[in-house]
Amino acid sequence: MPERNEIESCDHHSDHEFREEFSTRLLKEGSPTLVKRPRLQSYPKRDSSHLRAIYGELDGLPAKVRHYVEENARLCKPDTIHICDGSERENELITYMLQKDNILRRLPKYDNCWLARTDPADVARVERLTYITTELQRDTMPTPKYGAKSQLGNWMAPEDMDNELNMRFPDCMKGRTMFVIPFSMGPVGSPLSKIGIQLTDSAYVVASMRVMTRMGQNVLQSLGEKDFVKALHSVGKPLPLTSPLHNNWPCNPKNTIIAHMPEKNEICSYGSGYGGNSLLGKKCFALRIGSILARNERWFAEHMLILGIENLDTGVKKYVAAAFPSACGKTNLAMMKPTLPNYKVTCVGDDIAWMRFDSQGRLRAINPEAGFFGVAPGTSYKTNPHAMDTIKKNTIFTNVAETSDGGYFWEGLEDEMEPGVKIRSWLGDEDWKKEESDRPAAHPNSRFCTPASQCPIMDPAWEDPEGVPIDAIIFGGRRPEGVPLVYESFNWQHGVFLGAAMRSESTAAAEHKAKQIMNDPFAMRPFFGYNFGDYLSHWLSFGKQSEELQLPKIFHVNWFRKDSNGKFLWPGFGENCRVLDWVLQRCNGEDVFVDTPIGRLPKYDSLNLQGLDKPVDLDALFHLPREFWENEVNAVYKYFDEQVNEDLPKEIMAELKALEARVGAL
Ligand code: GTP
Ligand code: SPV
Ligand code: MN
């Protein structure tokens, strides 16, 4: 390939020019946050690509980080390198560049809020293009039977993955800046935290990682010469462009791949700028790589919210972790405003929990994230007022609709709109009207990216490096039929079975067709970093230590059961505190349950329904139809047999058989 002078050859849309312009503008305006003249730094002699760090200094990086950066800069050939320091000045520069590129637009109705609209082909996680690479396939996933495709992960052999990556990454950042993001999952310096370095050519990703993680210079200091998780990301659109962008959003959907190499602690993501595909600290690191680290070090990395709940009458406060599949209610439960006056809920995290038994045998959880990447549609003052207050400032909205008064709109906000304002849909339809349009105003997976510290009910201990003690674990899903509002497992092993047998209606958070019931064990189906059978054994192994450990009680909930008219039977949201109240009664050992074939259901009258707006049909909410449960048992048999095959722990099969026998008595 002929040598090119990278800087001279970049087209007029290069990052480099924006930076020059930005610093000139600040110089002219005499801003106190003056950008230093960039210090140009040449690359090692043996490389002829003349790469430079235009922001930050390569010399200042720990040796291992520098090596990782240089290696990938040689591979991806960005124009320039920007080493993120996490400062305000840097954030100004990034937002300025994103505005110049027409990727972010200000929402002037609020303080420092921004709107991004993506290429309509890049709107959610792509599960079918997400791979784990290990020497042995069986380390990644069970071998499905009958030639079925695995629903428990995609595996690729190391050589094949090398080929796939080699077809994509060389030169993929030409004309762009490579940002170096040092980030900590968990409070910087906490014994439960882990550090990653993400390299990305997306300024949108930088702005989002700044919200979602602890990012910047202090992370590098804390890292020193220790090892870190390597996370390489490119939107896969080098400059100059060879085809036009949609919505100015660079991505490469045809060639997207999200690759995990756990044996090297490495993630490589190409082609998508959206959410879990590109914010690599979240699902890729904190769950997929995280679950492997957790298994090896005897802890848990789970797709769970963490909340605190205090009974104001008794002063007793407990913490609960809950796993619901994507877009099934974690953020809403984590921030709920209880309708029962004697409860106070506080939020620790809304998506991911890292949990470990301490020396006293208590399970302690931290939220490894620093922000919320929450589903926008459905969020309103009526359903989730604390989220509404959180997103008033410093928030990046993606794929929501805009209003003519400079605000946002999405499905669910109809009753909270200022009169007379017009709506512009996420796809750019001007004066969008519900009655006249066959498509929603906001994309169903549109999101807000907002700092956790802004949530008015953050728990005082949410950044406690020791984590908070967990008394109950709740599983749940979207089950329109058959599954009661709440039930408790008979014991730990039965609880692990409930997690293993979880099923839920698919949602817009990934590419699946919505509304089909899918198995989603532990809400982790898209996020297991290793063989699900081994994951179950890991969970079961703690049950064998029940003498030393204070094992949390395990529950299952369903806010989404419908009546024959397709209406939700349960009001949900703030009313879910009534279910938490029952969970806490059980944690206190109160005799408020009845045994049924599927588990322990609330005794008549033990669910506090005082002050409910409208009466609820308790019989319908708790009815256990025999035929439904027979079908459920059969579906779980089929799934375990076909998908988990020989890797299913015998204890889980024993639980299924016991359930089958009990269901016969319904
Ligand atoms: P991810 O961020 O994708 O992991 O999703 P999540 O589990 O945090 O789901 P979230 O709380 O954002 O809720 C997703 C959708 O479900 C939103 O549209 C909510 O309005 C709706 N939802 C949440 N809780 C309830 C509830 O109790 N009842 C009903 N009917 N809908 C709910
Ligand atoms: C989920 O899909 O569970 C999310 C959104 O929390 S994403 O960050 O895109 O994974
Ligand atoms: Mn999630």
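Criteria and thresholds
Residues numbered from 1 in each chain as written. Chains lettered and ligands numbered in written order. Predicted model: local features only at pLDDT ≥ 70, side-chain atom pairs only at ≥ 80, totals over all residues. Heavy atoms only, no water. Near = heavy atom within 4 Å. Polar contact = N/O pair within 3.5 Å; in protein donor to acceptor, adjacent residues only side chain to side chain. Areas by Shrake-Rupley, 256 points an atom, 1.4 Å probe, with all protein chains shown as cover. Helix = DSSP H or I, 4+ residues; strand = E, 2+ residues; numbered from the N terminus. Nonpolar A, V, L, I, M, F, W, Y, C, P; charged D, E, K, R; others polar. Salt bridge = Lys/Arg side-chain N within 4 Å of Asp/Glu carboxyl O. Buried < 20%, exposed > 50% of the residue type's maximum accessible area, 1.4 Å probe, protein only.

A.B. asks: In this structure, what is going on with the site of ligand 1? I would like to understand it.
C.D. replies: Among the 22 residues in the neighbourhood of ligand 1, the closest are listed as Ala327, Lys330, Thr331, Asn332 and Arg447. Residue Gly329 places a main-chain N or O atom 2.8 Å away from an oxygen atom belonging to ligand 1. For ligand 1, whose free accessible area comes to 660 Å², the fraction covered by protein is 92%. Only helix H11 (330-334) and strand E18 (371-375) provide two or more residues apiece to the shell around ligand 1. At 3 residues, H11 tops the list of elements feeding residues into the shell around ligand 1. Class assignment of the residues belonging to the shell around ligand 1 gives a composition of 10 nonpolar, 8 polar and 4 charged.

A.B. asks: Looking at this structure, I do not really get the pattern of salt bridges. What am I missing?
C.D. replies: Opposite charge on two side chains allows them to pair when their charged atoms are near. All told, the structure shown has 42 salt bridges when counted by the stated rule. Residue Glu402 is joined to Arg105 by a salt bridge in which the shortest nitrogen-to-oxygen separation is 2.6 Å. Remark: Arg105 occurs in strand E3 (residues 104-106) and Glu402 occurs in strand E20 (residues 401-403); sequence separation between them is 297 residues. When its relative accessible area of 13% is taken as the criterion, Glu402 is described as buried. Here Arg105 falls in the partly exposed class, since its relative accessible area comes to 35%. A salt bridge links Lys109 to Glu418; the shortest N-O distance between them is 3.8 Å. Here the residue Lys109 occupies a position in the loop between E3 and strand E4 (114-116), and Glu418 occupies one in the loop between strand E21 (408-409) and strand E22 (423-424), the gap between them amounting to 309 residues. Of the residues examined, Lys109 reaches a relative accessible area of 37% and is grouped as partly exposed. With a relative accessible area of 44%, Glu418 lands in the partly exposed category. Salt bridges sharing partners connect three or more residues here, namely Lys282, Lys283, Lys330, Asp351 and Glu369.

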